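Examining the three-dimensional arrangement
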Amino acid sequence: SLKVDNLLASLNKKDAESLKKALLDPDVPTRAIERVLHKNKIDCGCWAINQWRKANGIILRTTNTIGGK
């Protein structure tokens, strides 16, 4: 996702590396990344994060489904 690429480019090196590490880790839920970004006043939702992950070949191991696990 262009939004995530732009976000990574706008962050300082340390923050960008931390975010990229989380994005590339299939065990880190997209929702968790979204929450941390929102706490830091960064508007980037699950859709953009998932699009970036899909474009970068990240196969997520955990998915939230309605009604539980």
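Above this note sits the structure.
Here goes a summary of the coordinates provided. (Residues numbered from 1 in each chain as written. Predicted model: local features only at pLDDT ≥ 70, side-chain atom pairs only at ≥ 80, totals over all residues. Heavy atoms only, no water.)

Turning our attention to the packing of helix H2 (residues 13–24) against helix H4 (residues 46–55). Helix packing for two helices is described by the angle between their axes and how far apart those axes are. Following both chains from N to C, one finds H2 and H4 inclined at 75°, their axes separated by 10 Å at the closest point. Comparing the axis directions of H2 and H4 gives the class roughly perpendicular. Only Ile49, Trp52 and Arg53 of H4 make contact with H2, whose side of the interface consists of Lys20, Ala22, Leu23 and Leu24. Along the lines of polarity and charge, the residues of the contact of H2 with H4 split into five nonpolar, no polar and two charged. (Axes fitted to C-alpha atoms, helices over the stretch in contact; angles between N-to-C directions. Helix = DSSP H or I, 4+ residues; strand = E, 2+ residues; numbered from the N terminus. Parallel < 35°, antiparallel > 145°, perpendicular 65-115°, else oblique. Contact = heavy atoms within 4.5 Å. Nonpolar A, V, L, I, M, F, W, Y, C, P; charged D, E, K, R; others polar.)

Looking now at the pattern of salt bridges. A complete count under the given rule lists two salt bridges for this structure. In this structure, Glu34 engages Arg31 in a salt bridge whose closest nitrogen and oxygen atoms are separated by 2.7 Å. Residue Glu34 and its partner Arg31 are both found in helix H3 (residues 30–39); the two are separated by three residues, about one turn of the helix. For Glu34, a relative accessible area of 15% translates into the label buried. (Salt bridge = Lys/Arg side-chain N within 4 Å of Asp/Glu carboxyl O. Buried < 20%, exposed > 50% of the residue type's maximum accessible area, 1.4 Å probe, protein only.)

In this section: H4. Among the residues of H4, Cys46, Ala48, Ile49, Trp52 and Arg53 are the ones counted as buried. When H4 is viewed along its axis, its buried side chains cluster within an angular range of 165° and face the same direction. In H4, the exposed positions angled more than 90 degrees off the buried face are occupied by Trp47, Lys54 and Ala55. In this fold, the buried residues of H4 make contact with helix H1 (2–10), H2 and H3. Where H4 ends, the next residue or the one after it, Gly57, has phi of about 75°, a positive value. (Arc of directions from axis to C-beta.)

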